[in-house]
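# Observations on the model geometry
Single-letter residue listing:
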Amino acid sequence: MAGLAGPRVYSCSNCRNHVCLHDDIISKAFQGRNGRAFLFSHSMNIIVGPKEDRQLMTGLHTVADIYCRDCRVVLGWKYERAYEETQKYKEGKFIFEKSKIVKENW
């Protein structure tokens, strides 16, 4: 596991693997499969699954589920492609479900 430097780290709630930095949050106003979710610009120590088209609240997107590299639990998804012009800013970004991550070193 590659550890992240700095005091504001989010970890997998299952195994405590560091997966993202608080400084990389773009928005906290997203909806995941199971409640609130955060949009991040970067992630770490994850596995990106196969791409698939999904009809989400904001339209059709190509997404790939993201898994914790250590315990393989699904943490959220990566936006690979947005079909609507107003949603293009999400491409290449990561959704982490709030219930799947915990704050470390805060």
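Look above for the structure.
Residues numbered from 1 in each chain as written. Predicted model: local features only at pLDDT ≥ 70, side-chain atom pairs only at ≥ 80, totals over all residues. Heavy atoms only, no water.

## What to know about the nonpolar core
- Tyr10, Val19, Phe40, Ile46, Leu75, Phe96 and Ile101 are the most contacted members of the largest nonpolar core, which has 14 residues in total.
- Listing elements by their share of this core, those giving two or more residues are strand S1 (9-12), strand S2 (18-21), strand S4 (35-40), strand S6 (59-68) and strand S8 (94-97).
- In terms of nonpolar packing, the next biggest core, distinct from the first, is built from 7 residues, Phe30, Ala37, Leu39 and Tyr79 among them. (Core = buried A, V, L, I, M, F, W, Y, C linked by side-chain atoms within 4.5 Å. Buried < 20%, exposed > 50% of the residue type's maximum accessible area, 1.4 Å probe, protein only. Helix = DSSP H or I, 4+ residues; strand = E, 2+ residues; numbered from the N terminus.)

## Some words on unusual backbone geometry
- For asparagine 45, which is not glycine, the phi torsion reads 60 degrees and is therefore positive.
- Structurally, asparagine 45 is set in the loop between S4 and strand S5 (46-56).
- Here arginine 72, not a glycine, exhibits a phi torsion of approximately 70 degrees, which is positive.
- Turning to its location among the elements, arginine 72 is positioned in the loop between S6 and strand S7 (74-82).

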